[in-house]
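# Residue-level structural notes
What follows is the residue order along each chain.
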Amino acid sequence: MTSEWPRDTQKRALLVWLSFLNATVMSLVFFAFVDPLLIVDEMNITALQGREMGYALVFFFFWAGSASSAWLCLRLARRKRQGPKPVGNSQ
């Protein structure tokens, strides 16, 4: 049994998935050049004990930023929906 997702659910799923992929690529590029421990040392953050926590925090920061940017684009690009067209002879 296959069921179609409602249109709004499809949009939300697409937004979350694409922002996840974008955050993944951004994290890969960012951490190719930056060591998370350098950021921790520079900012004097004592809560971060290892690189893994730095990787996770920056990834979720990128994910939230990507999701909010994509959501804003969807909101700004939303077109006004047209009502149903009249049936019959259109002259």
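Residues numbered from 1 in each chain as written. Predicted model: local features only at pLDDT ≥ 70, side-chain atom pairs only at ≥ 80, totals over all residues. Heavy atoms only, no water.

## Quick word on the side chain of serine 27
Operational definition: Put simply, DSSP H or I for four residues or longer makes a helix, DSSP E for two residues or longer makes a strand, and each gets a number counted from the N terminus. We call a residue buried when its accessible area falls under 20% of the maximum for its residue type, exposed when it is over 50%, and partly exposed in between, using a 1.4 Å probe and counting protein chains only. Whether two residues are in contact is decided by their heavy atoms, any of which lying within 4.5 Å being enough.
With respect to the helices, strands and loops of the structure, serine 27 is situated in helix H1 (residues 7-33). Judged by relative accessible area, which is 8%, serine 27 ranks as buried. Look past the residues within four positions of serine 27 in its chain and what remains in contact with it is Phe59 and Phe62.

## Topic: the confidence of the model for the chain
Operational definition: pLDDT runs from 0 to 100 and stands for how confident the predictor is about each residue.
Mean pLDDT over the chain stands at 82; residues scoring 70 or higher make up 85%. Within the chain, the lowest mean pLDDT, 75, falls on helix H2 (residues 36-43), and the highest, 91, falls on H1.

## What to know about the environment of alanine 56
Tracing the sequence through the fold places alanine 56 in helix H3 (residues 51-77). Given a relative accessible area of 29%, alanine 56 falls into the partly exposed group.

## Points about H3
What counts, and what does not: The span one expects for a helix is its residue count, reduced by one, times 1.5 Å.
For H3, built from 27 residues, the straight-helix expectation of 39 Å at 1.5 Å per residue is met to within 8% by its first-to-last C-alpha distance of 39 Å. Among the residues of H3, Gly54, Val58, Phe59, Phe62, Ser66 and Ala67 are the ones counted as buried. On its buried side, H3 packs onto H1 and H2.

## Some points on H1
The end-to-end C-alpha distance of H1 is 40 Å, a good match for the 39 Å that 27 residues give at a rise of 1.5 Å each. Turning to H1, its buried residues are Leu15, Ser19, Ala23, Ser27 and Phe31. Turning to H1, the residues buried within the fold contact H2 and H3.

## Description of the nonpolar core
What counts is decided by this rule: Joining through side-chain atoms within 4.5 Å is the link that ties buried Ala, Val, Leu, Ile, Met, Phe, Trp, Tyr and Cys residues into a set, and such a set is a nonpolar core.
The biggest cluster of nonpolar side chains holds five residues, and these are Ala23, Phe31, Val58, Phe59 and Phe62. Looking at this core, the elements with two or more residues in it are H1 and H3. When residues of this core are assigned to their parent elements, the largest contribution, three residues, is made by H3. In this structure valine 58 touches Phe30 and Phe31, once residues within four positions along its chain are discounted.

## A few points about a nonpolar patch on the surface
To keep things clear, this is the line we draw: Residues enter patches when their relative accessible area tops 30% and they take part in no salt bridge; the joining distance is 9 Å for like charges and 5 Å for the nonpolar side chains Val, Leu, Ile, Met, Phe, Trp and Tyr. Surface exposure here means Shrake-Rupley accessible area, sampled with a 1.4 Å probe, where a residue is shielded only by the protein chains that are shown. One side-chain nitrogen of Lys or Arg within 4 Å of one carboxyl oxygen of Asp or Glu is enough to make a salt bridge.
A cluster of nonpolar side chains, Leu14, Trp17, Leu18 and Leu21, forms an exposed patch at the surface whose accessible area comes to about 400 Å². For leucine 14, the position within the fold is in helix H1.

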